[in-house]
Amino acid sequence: GKSNEVITKMSNNVEITWSLMHPTPLNPVYMQKVVKEADSSPVKVDSFEICAICHSYLGGLDGLCHYGDFDLPDLDHQAIDNNIAQLKEILDIAHKSGRPVYYWHREVTVPHGLVDQYPGLLDEKGEFDLLGEAYEKLIRLKFKQAYDNVPDLDGVVLTLTEADFS
């Protein structure tokens, strides 16, 4: 009856996302396995969310950015190139299955040395000013570099952590 019509309309507006690789390195072989499982799942899986490594300068968007305008000698460019290649392969696998991939970025770390070279990231207490103009520009820089390096990425889930509430 009427309630089945409402449920049908609601379910047509719902996206079911499988959230994967929490927190593990990017793994295309695992992604192949997940796609096979999603294909045979009794629940229609519409998309995937990839967490990958987090709380590290090689995780999230940071792991896709070379920060070319900054002098960051500790930055592992080979590891970043590997992340980019792995994520591209994962995207190819997911896209061949007809599903988008959203990449989860937790904005909790910056590469060593960046704070000294990027004025305004810290507030008067010495904590990250997550709502400040400098931090907004940094996040936009990360998005730009990540999408320049991985243009087929379907979206990013951004978690911005503020210590008073987490």
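This is a predicted model, so every value here is computed, not measured.

Trainee: Run through the overall build of the protein chain, naming residues and quoting values.
Mentor: Each helix and strand counted, the protein chain has five helices and four strands in total. Walking the protein chain from its N terminus toward its C terminus, one meets helices and strands in the order α-β-α-β-α-β-α-α-β. Looking at the protein chain residue by residue over its 166 residues, the buried ones come to 37%. Restricting the contact set of the protein chain to residue pairs at least 6 apart, pairs at least 24 apart contribute 71%.

Trainee: Summarise the sheet that holds strand β3 (residues 101-107); cite the residues concerned and give the values.
Mentor: Paired through their backbone hydrogen bonds, the strands of a sheet run either parallel or antiparallel. Within the open sheet, the four strands sit side by side as β1-β2-β3-β4. Their pairing is parallel. Lying at the two open borders of the sheet, with one neighbouring strand each, are β1 (17-20) and β4 (155-160). Between one strand axis and the next, the sheet turns by 25 degrees as a mean value, whatever way the strands run. Two elements, strand β2 (residues 47-50) and β3, share three bridges in a ladder whose sense is parallel. Residue pairing for β3: Glu49 is matched across the bridge by Tyr102. Where helix α2 (residues 28-40) meets the sheet, its contacts fall on β1 and β2, and the angle it forms with β1 comes to roughly 155 degrees. Sitting on the sheet, helix α3 (residues 77-96) touches β2 and β3, and the angle it makes with β3 is about 140 degrees.

Trainee: Got a sec to walk through unusual backbone geometry? Specific residues and values, please.
Mentor: The backbone phi angle of Ala52 is positive, close to 65 degrees, even though this residue is not glycine. Positive phi values are uncommon outside glycine, yet Tyr67 reaches one of about 50 degrees. In this structure, Tyr67 sits in the loop between β2 and α3. Judged by relative accessible area, Tyr67 falls into the buried class, the value being 1%.

Trainee: Tell me what's going on with the side chain of Asp46, and back it up with residues and numbers.
Mentor: When you line up the elements, Asp46 lands in the loop between α2 and β2. With a relative accessible area of 18%, Asp46 lands in the buried category. Among the polar contacts made by the side chain of Asp46, one reaches the main-chain amide nitrogen of Ile16 at a distance of 2.7 Å. Among the polar contacts made by the side chain of Asp46, one reaches the side chain of Lys44 at a distance of 2.4 Å. With residues near it in sequence (within four places) discarded, Asp46 still touches Val14, Glu15, Ile16, Arg99 and Pro100.

The rules behind these values
- Residues numbered from 1 in each chain as written.
- Predicted model: local features only at pLDDT ≥ 70, side-chain atom pairs only at ≥ 80, totals over all residues.
- Heavy atoms only, no water.
- Helix = DSSP H or I, 4+ residues; strand = E, 2+ residues; numbered from the N terminus.
- Buried < 20%, exposed > 50% of the residue type's maximum accessible area, 1.4 Å probe, protein only.
- Contact = heavy atoms within 4.5 Å.
- Pairing = 2+ DSSP bridges.
- Axes fitted to C-alpha atoms, helices over the stretch in contact; angles between N-to-C directions.
- Polar contact = N/O pair within 3.5 Å; in protein donor to acceptor, adjacent residues only side chain to side chain.

Just geometry here; none of it tells us what the structure is for.
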